[in-house]
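Residue strings, one per chain:
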Amino acid sequence: MNRAVYPGSFDPFTNGHLDITERGARLFDELIVAVLVNSEKNAMFSVDERKMMAREAAVHLPNVKVMSFDGLLVNFMRREKSRVILRGLRALSDFEYEFQLAQMNRQLAPETETFFMVTDAKYSYLSSRSVKEVFSFGGAIQEFVPPGVFRRMRERVPPRDLS
Ligand code: PNS
């Protein structure tokens, strides 16, 4: 059983994340979307909400499981008996951070391998941060996030001119 872990903050889960999840689900027997429990004060959604939204978005993918993890990713990997970390790469600007993360994870757990998947060009500009920013100024975000995320964001703060 080839089990991979796709870790992230997913605050919130975007269509870019869904694309990586769908493609990852085709490559591995099982894919765990692992939501980081972080103490970031400016997180928009709680971990439970983030998990729920990811679960809803990936409901059509029977080999995808959504979980959360606290602390080091490599410890979670060991607990879940997975050796593959899946990450999406949007642009060169992502590379430095991703390279550092992959090297550190390998240092901490030499058995782990990080697989990078190049983001589909149509999502190359998309990030949770930019979705939140557009939303906070009342911009339309419907095309950037799965329907369940859109619904929950609308419930959150009714923006001025969301169409
Ligand atoms: O979506 P993000 O915020 O870019 O995801 C980053 C994430 C969750 C993959 C990374 O921050 C992480 O794995 N955090 C857990 C702590 C850890 O294991 N850090 C790695 C050594 S620096």
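Before reading on, note that the structure itself is shown above.
Residues numbered from 1 in each chain as written. Predicted model: local features only at pLDDT ≥ 70, side-chain atom pairs only at ≥ 80, totals over all residues. Heavy atoms only, no water.

## Observations regarding the site of the ligand
No. 1: Taken together, the neighbourhood of the ligand is formed by 13 residues, with Gly8, Ser9, Leu72, Leu73 and Arg87 sitting nearest.
No. 2: Contacts to the ligand include Ser9, whose side-chain N or O atom sits 2.6 Å from an oxygen atom.
No. 3: In the model, an oxygen atom of the ligand is placed 3.0 Å from a nitrogen or oxygen of the Arg87 side chain.
No. 4: For the ligand, the protein covers 72% of the area, taking 550 Å² as the surface of the free molecule.
No. 5: Elements represented by at least two residues in the shell around the ligand include exactly β1 (3-8) and α4 (92-108). (Near = heavy atom within 4 Å. Polar contact = N/O pair within 3.5 Å; in protein donor to acceptor, adjacent residues only side chain to side chain. Areas by Shrake-Rupley, 256 points an atom, 1.4 Å probe, with all protein chains shown as cover. Helix = DSSP H or I, 4+ residues; strand = E, 2+ residues; numbered from the N terminus.)

## Section: unusual backbone geometry
No. 1: Looking along the chain, the bond that leaves Asp11 and enters Pro12 is cis, with omega of 0 degrees.
No. 2: Mapped onto the elements of the fold, Pro12 is located in the loop between β1 and α1 (15-27).
No. 3: The backbone phi angle of Lys81 is positive, close to 55 degrees, even though this residue is not glycine.
No. 4: Relative to the helices and strands, Lys81 resides in the loop between α3 (73-79) and β4 (84-89).

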